[in-house]
Amino acid sequence: RKEVEQDPGPFNVPEGATVAFNCTYSNSASQSFFWYRQDCRKEPKLLMSVYSSGNEDGRFTAQLNRASQYISLLIRDSKLSDSATYLCVALYTGGFKTIFGAGTRLFVKA
Amino acid sequence: NAGVTQTPKFRILKIGQSMTLQCTQDMNHNYMYWYRQDPGMGLKLIYYSVGAGITDKGEVPNGYNVSRSTTEDFPLRLELAAPSQTSVYFCASSYRDSRGGVSSYEQYFGPGTRLTVT
């Protein structure tokens, strides 16, 4: 079983739709979690950190459920520019061991 | 402030050749990382460093070496290149950000080096 698992997708949604991604992690010792966005043939860029209390940044909302060991990302009012791969990341032991999921691909259509 | 820079952007190596991938950051970050990303896969940690003079192995260190003589630079050395090392290599750096008693390590990535070994 992979330490961090994501549905690879692709998710194909129309503009304006709401879409949600889940990510599960197997190691309960995971300390911190992030969602990164990666455009085709580019480097990953931090989208948002995920905290136990949940957090929101504009159209994006991230949630952490430690009991069930999953994190989620909700994108509201999807834009064409949201088309990308979304990477789930778990950090352990002071942030040195970083485990990336394989990513979920999102295509937003006009 | 350039962030994290990597050179070269592209490289083709023959089997058995060696090369060094360069990584430099100008943000005075203590922590630096090297990852590889194979097609359709997530990033895998090769090596990391928590400061000048300190390095440690990640998930997939075999076939690679690193050094960290300064805070800014974290080169990755490939000895005896093999086709299995064909990949995109990303360097990243981070700092510690404590929030509410929980530490997090947001990472900033360089643009990557696309390496092909034939």
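Residues numbered from 1 in each chain as written. Chains lettered and ligands numbered in written order. Predicted model: local features only at pLDDT ≥ 70, side-chain atom pairs only at ≥ 80, totals over all residues. Heavy atoms only, no water.

Let us now look at the interface of chain B and chain A. Chain B puts 24 residues into the contact, and the matching count from chain A is 22 residues. It is Tyr105, Phe109 and Arg114 of chain B in chain B that bury the most area against chain A; as a group they hold 26% of the surface buried on that side. The tally of links from chain B across to chain A stands at zero salt bridges. Linking chain B with chain A are five residue pairs in polar contact (both at pLDDT 80 or more). Those elements that provide at least two residues to the side of chain B that touches chain A are β4 (31-37), β5 (43-51), β11 (102-104) and β12 (107-109) of chain B. Considered class by class, the residues forming the side of chain B that touches chain A number 13 nonpolar, seven polar and four charged. (Contact = heavy atoms within 4.5 Å. Buried area = accessible area lost by both parts, 1.4 Å probe. Salt bridge = Lys/Arg side-chain N within 4 Å of Asp/Glu carboxyl O. Polar contact = N/O pair within 3.5 Å; in protein donor to acceptor, adjacent residues only side chain to side chain. Helix = DSSP H or I, 4+ residues; strand = E, 2+ residues; numbered from the N terminus. Nonpolar A, V, L, I, M, F, W, Y, C, P; charged D, E, K, R; others polar.)

With that settled, consider the sheet that holds strand β3 (residues 19-25) of chain A. Residues and elements named next belong to chain A. One open sheet accounts for five strands, arranged β1-β3-β8-β7-β6; its pairing is antiparallel. Either end of the sheet is taken by a strand with one partner, and the two such strands are β1 (4-6) and β6 (55-57). Averaged over all pairs of adjacent strands, the angle between strand axes in this sheet comes to 20°, irrespective of strand direction. Here three bridges tie β1 to β3, and the two strands are oriented antiparallel to one another. Opposite Glu5, over in β3, you have Thr24 as the bridge partner. (Pairing = 2+ DSSP bridges. Axes fitted to C-alpha atoms, helices over the stretch in contact; angles between N-to-C directions.)

Moving on: the sheet that holds strand β8 (residues 76-78) of chain B. Two strands in a sheet stick together by hydrogen bonds in their backbones, pointing the same way (parallel) or opposite ways (antiparallel). Residue and element names in this part refer to chain B. Spatial ordering of the open sheet is given by β1-β3-β8-β7, a layout of four strands whose pairing is antiparallel. Among the strands making up the open sheet, the edge pair consists of β1 (4-7) and β7 (64-66). Neighbour-to-neighbour, the strand axes of this sheet turn through a mean angle of 20°, independent of strand direction.

Residue and element names in this part refer to chain B. For β5 and strand β6 (residues 54-57), the ladder comprises four bridges, and the chain directions are antiparallel. Paired with Tyr48 across the bridge in β6 is Asp56. The hairpin turn running from β5 into β6, its antiparallel successor, is two residues long, and Gly53 in that turn takes a positive phi close to 85°.

Our focus in this paragraph is the pairing of β3 of chain A. Residue and element names in this part refer to chain A. Side chains of β3 alternate between two faces, with Val19, Phe21, Cys23 and Tyr25 buried and Ala20, Asn22 and Thr24 left unburied. Examined bridge by bridge, β3 and strand β8 (residues 70-75) share six bridges and lie antiparallel to one another. Bridge pairing in β8 links Val19 to Ile75. (Buried < 20%, exposed > 50% of the residue type's maximum accessible area, 1.4 Å probe, protein only.)

A few words now on the state of the cysteines. Using the criterion set out here, one finds two disulfides over all chains in the structure. Here Cys23 of chain A pairs with Cys88 of chain A through a disulfide, and the sulfurs are 1.9 Å apart. With the S-S dihedral at roughly -75°, the linkage between Cys23 of chain A and Cys88 of chain A falls on the left-handed side. Of this pair, Cys23 of chain A sits in strand β3 while Cys88 of chain A sits in strand β9 (residues 84-92), placing them 65 residues apart in sequence. For the pair formed by Cys23 of chain A and Cys88 of chain A, the shared burial category is buried. Put simply, Cys23 of chain B and Cys91 of chain B are joined by a disulfide, and their sulfur atoms are 1.8 Å apart. (Disulfide = S-S within 2.5 Å.)

All names here are of chain A. Applying the stated criterion across every chain, the model contains 13 aromatic pairs over all chains. With centroids separated by 5.4 Å and ring planes inclined at 40°, the aromatic side chains of Phe21 and Tyr86 adopt a geometry described as tilted. Of this pair, Phe21 sits in strand β3 while Tyr86 sits in strand β9, placing them 65 residues apart in sequence. Across the pair, Tyr86 and Phe21 agree in class, each one buried. Between Tyr36 and Phe100, the aromatic rings sit 6.0 Å apart at their centres with planes inclined by 50°, giving tilted as the arrangement. (Phe/Tyr/Trp six-rings, centres within 6.5 Å; stacked < 30°, edge-to-face > 60°.)

Residue and element names in this part refer to chain B. Here Arg68 lies in the loop between β7 and β8. Salt bridges are absent for the buried Arg68, whose nearest opposite-charge side chain, Glu72, sits at 7.5 Å. One polar contact links the side chain of Arg68 to the main-chain carbonyl oxygen of Asn30, over a distance of 2.9 Å. Polar side-chain contacts of Arg68 include one of 2.8 Å to the backbone oxygen of Thr71. Those residues in contact with Arg68, other than ones at most four positions away along the chain, are Gln25, His29, Asn30, Met32, Ser49, Val50, Gly51, Ala52, Gly53, Thr55, Asp73 and Phe74. (Lys, Arg positive; Asp, Glu negative; His and termini not counted.)

By themselves, these are just geometric observations and shouldn't be taken as functional.
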